[in-house]
Amino acid sequence: MATGALWLIGAGNMGGAMLRGWLASPGWARPVTVIDPHVAEVPNGVTLLRELPSGDEQPDILVLAIKPQQLGDVAPLFAAKAGAPRLLLSILAGVETTTLKNVVGADAIVRAMPNLPVSIGEGVTALYSSDADNGARSEAAGLVASLGLVEWVDDEKLFDAVTALSGCGPGFLFRFIEAMAQAGEALGLPAAQALRLATATVKGSALLAASSNEGPAVLADRVASPGGSTREGLNVLDRDEALKALMRATLLAAAERNAELAAAARSG
Ligand SMILES: NC(=O)C1=CN([C@@H]2O[C@H](COP(=O)(O)OP(=O)(O)OC[C@H]3O[C@@H](n4cnc5c(N)ncnc54)[C@H](OP(=O)(O)O)[C@@H]3O)[C@@H](O)[C@H]2O)C=CC1
Ligand SMILES: O=C(O)[C@@H]1CCC=N1
């Protein structure tokens, strides 16, 4: 059971989600300090500081969860410190290892890209490190293992793609649920019922896809009874690859924004 101190800098939407996931995981024993100037409250047992302590004190593990555009605000605070954390886990979209190294001189740096369902232990966290040794890599993976699926990415260039797919993905799927529910509403269903049906349908389909040996294309065919109604709906999604083209454009736009954020962080 790991007991070294963890500092979480930024406890907004994603930092807060990871914190909830960690505190709910069996055997969690690390003392946690949240450093965030504005967050309203933190769970029981968590220390809240409004700014980074000015002395040389450093945690065992530092989790950086501020917005990429806020990195410049904390950089001078780290520059003034003599010590360094043992492990830095950065969840900043876009911001590259070389940029992080210039800000926090941790012994090991691991980039992580979690997604919002980590708060219920059903998330995805992608990890990348250019130079962490096996011990640090397994420690980083162990830290996020209780939050859901963990996937290593070998090439940092692919991190923007992973961010677009699984990091941003819940946002796209929430929009899909909303659109599906509204389409049901347009067919006459009460709004609340349409939302329950759409949400449960996406949940059940994802669970089935995750547990099946068959791919999503085969599963879609299993729903589409010959001569039936699903095929008519799939024909709309498939015409001119309408849905696939929309998803390609969606992920590309997100990935390009990550590259812009990286460039901005690189130039300080
Ligand atoms: N949201 C998501 O689903 C995901 C987000 N990420 C990454 O997580 C990071 C945070 O995103 P998100 O949670 O959405 O953003 P939020 O704005 O919700 O959270 C950032 C938090 O950090 C606080 N903060 C600002 N400045 C400082 C500072 N100097 N020291 C400490 N805390 C500070 C912010 O306060 P204030 O609001 O007042 O500025 C806010 O509470 C980003 O880098 C993003 O790329 C990664 C994966 C998924
Ligand atoms: O929107 C963002 O920039 C962050 C990164 C991944 C999800 N949210």
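Residues numbered from 1 in each chain as written. Chains lettered and ligands numbered in written order. Predicted model: local features only at pLDDT ≥ 70, side-chain atom pairs only at ≥ 80, totals over all residues. Heavy atoms only, no water.

## So, the UniProt feature "binding site: NADP(+)" (unreviewed entry) in the chain
- The UniProt feature table records "binding site: NADP(+)" (unreviewed entry) at Ile9, Gly10, Ala11, Gly12, Asn13, Met14, Ala65, Ile66, Lys67 and Pro68. The greatest C-alpha distance among the annotated residues, which extend across 60 residues, is 13.8 Å, indicating that they converge on a single site.
- With respect to the helices and strands, Gly10 occurs in the loop between β1 (6–9) and α1 (13–24).
- Residue Gly10 is classed as buried on the basis of its relative accessible area of 6%.
- Not counting chain neighbours up to four residues away, the residues in contact with Gly10 comprise Gly15, Ile35, Asp36, Ala65 and Ile66.
- Checked against the element boundaries, Gly12 lands in the loop between β1 and α1.
- Residue Gly12 is classed as partly exposed on the basis of its relative accessible area, which comes to 43%.
- When residues no more than four places from it in sequence are discounted, the contact partners of Gly12 are Ala17 and Asp36. (UniProt positions renumbered as here; feature names shortened; annotations may be inferred. Helix = DSSP H or I, 4+ residues; strand = E, 2+ residues; numbered from the N terminus. Buried < 20%, exposed > 50% of the residue type's maximum accessible area, 1.4 Å probe, protein only. Contact = heavy atoms within 4.5 Å.)

## Some remarks on the domain arrangement of the chain
- Split into domains, the chain comes out as domain 1 (6–155) and domain 2 (169–258).
- Between domain 1 and domain 2, the C-alpha centre-to-centre distance is 33 Å.
- Between domain 1 and domain 2, the contact holds 6 residues from the first and 4 residues from the second.
- Summed over both partners, the interface of domain 1 with domain 2 comes to about 300 Å²; 65% of that surface belongs to carbon and sulfur atoms.
- Taken together, domain 1 and domain 2 are joined by 0 residue pairs in polar contact (both at pLDDT 80 or more).
- A class-by-class count of the residues in the side of domain 1 that touches domain 2 yields 3 nonpolar, 3 polar and no charged. (Domains from an automatic or database assignment. Buried area = accessible area lost by both parts, 1.4 Å probe. Polar contact = N/O pair within 3.5 Å; in protein donor to acceptor, adjacent residues only side chain to side chain. Nonpolar A, V, L, I, M, F, W, Y, C, P; charged D, E, K, R; others polar.)

## A word on the pairing of strand β4 (residues 61–64)
- What you see with β4 is no split at all: Ile61 and Val63 on one side and Leu62 and Leu64 on the other are buried throughout.
- The sheet contact formed by β1 and β4 spans 4 bridges and is parallel. Its bridge partner lying in β4, Leu8 is registered against Val63.
- Sheet topology note: the β4/strand β5 (residues 87–90) ladder contains 4 bridges and is parallel. Bridge pairing in β5 links Leu64 to Ser90.
- The β-α-β motif built from β4, the intervening helix α2 (residues 71–79) and the parallel element β5 has right-handed crossover chirality. (Pairing = 2+ DSSP bridges. Right-handed = clockwise from strand over helix to strand, strands pointing away.)

## Re the pairing of strand β2 (residues 32–35)
- Side-chain alternation along β2 places Val32 and Val34 on one buried face and Thr33 and Ile35 on a second face that is also buried.
- Of the strand pairs in this sheet, β1 and β2 are connected by 4 bridges, and their pairing is parallel. Bridging from a neighbouring strand, Ile9 pairs with Ile35 of β2.
- In the classification by handedness, the crossover that spans β1, the intervening α1 and the parallel β2 is right-handed.
- With 3 bridges joining them, β2 and strand β3 (residues 47–49) adopt parallel strand pairing. Bridged to Ile35 within β3 is Leu49.

## As for helix α6 (residues 169–186)
- In this model α6 runs 26 Å from its N-terminal to its C-terminal C-alpha over 18 residues, within 8% of the 26 Å that 1.5 Å per residue would give.
- For α6, the set of buried residues is Gly169, Pro170, Ile177, Ala181 and Gly184. Buried residues of α6, viewed axially, fall in a sector of 110°; they line one side. Turned more than 90 degrees away from the buried face of α6, the exposed residues are Arg175 and Ala186.
- In this structure, the buried residues of α6 make contact with α5 (159–167) and α7 (191–211). (Expected span 1.5 Å × (residues − 1). Arc of directions from axis to C-beta.)

## Looking at the site of ligand 1
- Neighbouring ligand 1 are 20 residues; Met14, Asp36, His38, Ile66 and Lys67 lie closest to it.
- At a separation of 2.8 Å, an oxygen atom of ligand 1 approaches a polar side-chain atom of Gln70.
- Isolated, ligand 1 exposes 880 Å² of accessible area, and the fraction of that covered by the protein chains is 76%.
- Grouping the constituent residues of the shell around ligand 1 by class yields 13 nonpolar, 5 polar and 2 charged. (Near = heavy atom within 4 Å. Areas by Shrake-Rupley, 256 points an atom, 1.4 Å probe, with all protein chains shown as cover.)

## With respect to the sheet that holds strand β6 (residues 108–113)
- A sheet is described by the order of its strands in space; here 8 strands give the open sequence β3-β2-β1-β4-β5-β6-β7-β8, paired in mixed fashion. Of all strands in the sheet, those bounded by a partner on one side alone are β3 and β8 (148–152). On average, each strand axis in the sheet is tilted by 20° relative to the strand beside it, whichever way the strands run.
- Sheet topology note: the β5/β6 ladder contains 4 bridges and is parallel. By the bridge assignment for β6, Leu88 is matched with Ile109.
- Packed on one face of the sheet, α5 meets β6 and β7 (123–128) and runs near 40° to β6. (Axes fitted to C-alpha atoms, helices over the stretch in contact; angles between N-to-C directions.)

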